[in-house]
Amino acid sequence: MFFLLDLLWMLIELSYSILSAVLQTFLRPRLKCIEGELCLITGAGGALGRLFALEFAKEGANLVLWDCNQAANEQTAELAREKGVKVYTHTVDLSRRQDIYEAAEKVRLDVGDVTILVNNAGVVAGRRLLECPDELLERTLLVNCHALFWWCSGVHSA
Ligand SMILES: NC(=O)c1ccc[n+]([C@@H]2O[C@H](COP(=O)([O-])OP(=O)(O)OC[C@H]3O[C@@H](n4cnc5c(N)ncnc54)[C@H](O)[C@@H]3O)[C@@H](O)[C@H]2O)c1
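Residues numbered from 1 in each chain as written. Predicted model: local features only at pLDDT ≥ 70, side-chain atom pairs only at ≥ 80, totals over all residues. Heavy atoms only, no water.

Digging into helix α5 (residues 134-156)
Item 1. Taking 1.5 Å of rise per residue, the 23 residues of α5 would be expected to cover 33 Å, and the 32 Å separating its terminal C-alpha atoms lies within 8% of that figure.
Item 2. A maximum bend of about 50 degrees is found in α5 at His146.
Item 3. Among all positions of α5, only Leu136, Thr140, Val143, Ala147, Trp151, Gly154 and Val155 are buried.
Item 4. Against β1 (38-42), β2 (62-67), α4 (97-111) and β4 (116-118) lie the buried residues of α5. (Helix = DSSP H or I, 4+ residues; strand = E, 2+ residues; numbered from the N terminus. Expected span 1.5 Å × (residues − 1). Bend = angle between axes of the 7 residues up to and from the residue. Buried < 20%, exposed > 50% of the residue type's maximum accessible area, 1.4 Å probe, protein only. Contact = heavy atoms within 4.5 Å.)

Printed below as a string of structure tokens:
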């Protein structure tokens, strides 16, 4: 009896999932308009950061680009400006709390309130835990995790 109920429940769930997947293919959610928003992208000099920057620029968002690699960050900025949006760059080492606070303060005072954050910068160790040098583990946590907290408190401090 329980087996039949289980089977019936599974068939209902399966039909629901298939139906909703088919509907979502045709009825896509309306995209939010981000024209004129201020979008801050970390790691903007890297592969994904650059792609994000160009996509947001294409949709009309003004950009604040952060990266510790100044040359790569500037290249992204140049490409994004070609799409007609305002782009501000900062060279920031996201493993340093003070750097983040200072850059966040600059953005707040000179540009305005950030409305979209793409917390993209990241360190990938790519090694087993015990093969990873202490410094690399620390940097991974600082950049991939702590930086987000310092950014939040930096932009919200009066
Ligand atoms: N590319 C992928 O297929 C993929 C897949 C899954 C997750 N990710 C994650 O997405 C993020 C971006 O990936 P990517 O491929 O563009 O990497 P990437 O290495 O090309 O770019 C990372 C960028 O972050 C910057 N960065 C690193 N440490 C920094 C620091 N301390 N301060 C400031 N900037 C710093 C680098 O200068 C670089 O420009 C990473 O977190 C990565 O782990 C990427």
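So much for the structure itself; the text now carries on.
As for the pairing of β2
Item 1. The element β2 is largely enclosed, with a buried count of 6 among its 6 residues.
Item 2. The two faces of β2 match: Asn62, Val64 and Trp66 on one face and Leu63, Leu65 and Asp67 on the other face are all buried.
Item 3. Where β1 meets β2, 5 bridges bridge the pair, whose relative direction is parallel. For Leu40, the partnering residue across the bridge sits in β2 and is Val64.
Item 4. Between β1 and its parallel partner β2, the chain crosses via helix α2 (residues 47-58), and the hand of that crossover is right-handed.
Item 5. Alignment of β2 against strand β3 (residues 87-91), held across 5 bridges, turns out to be parallel. In the sheet register, Leu63 faces β3, and the bridge partner there is Val87.
Item 6. One crossover worth recording links β2 to the parallel β3 by way of helix α3 (residues 70-81), and it is right-handed. (Pairing = 2+ DSSP bridges. Right-handed = clockwise from strand over helix to strand, strands pointing away.)

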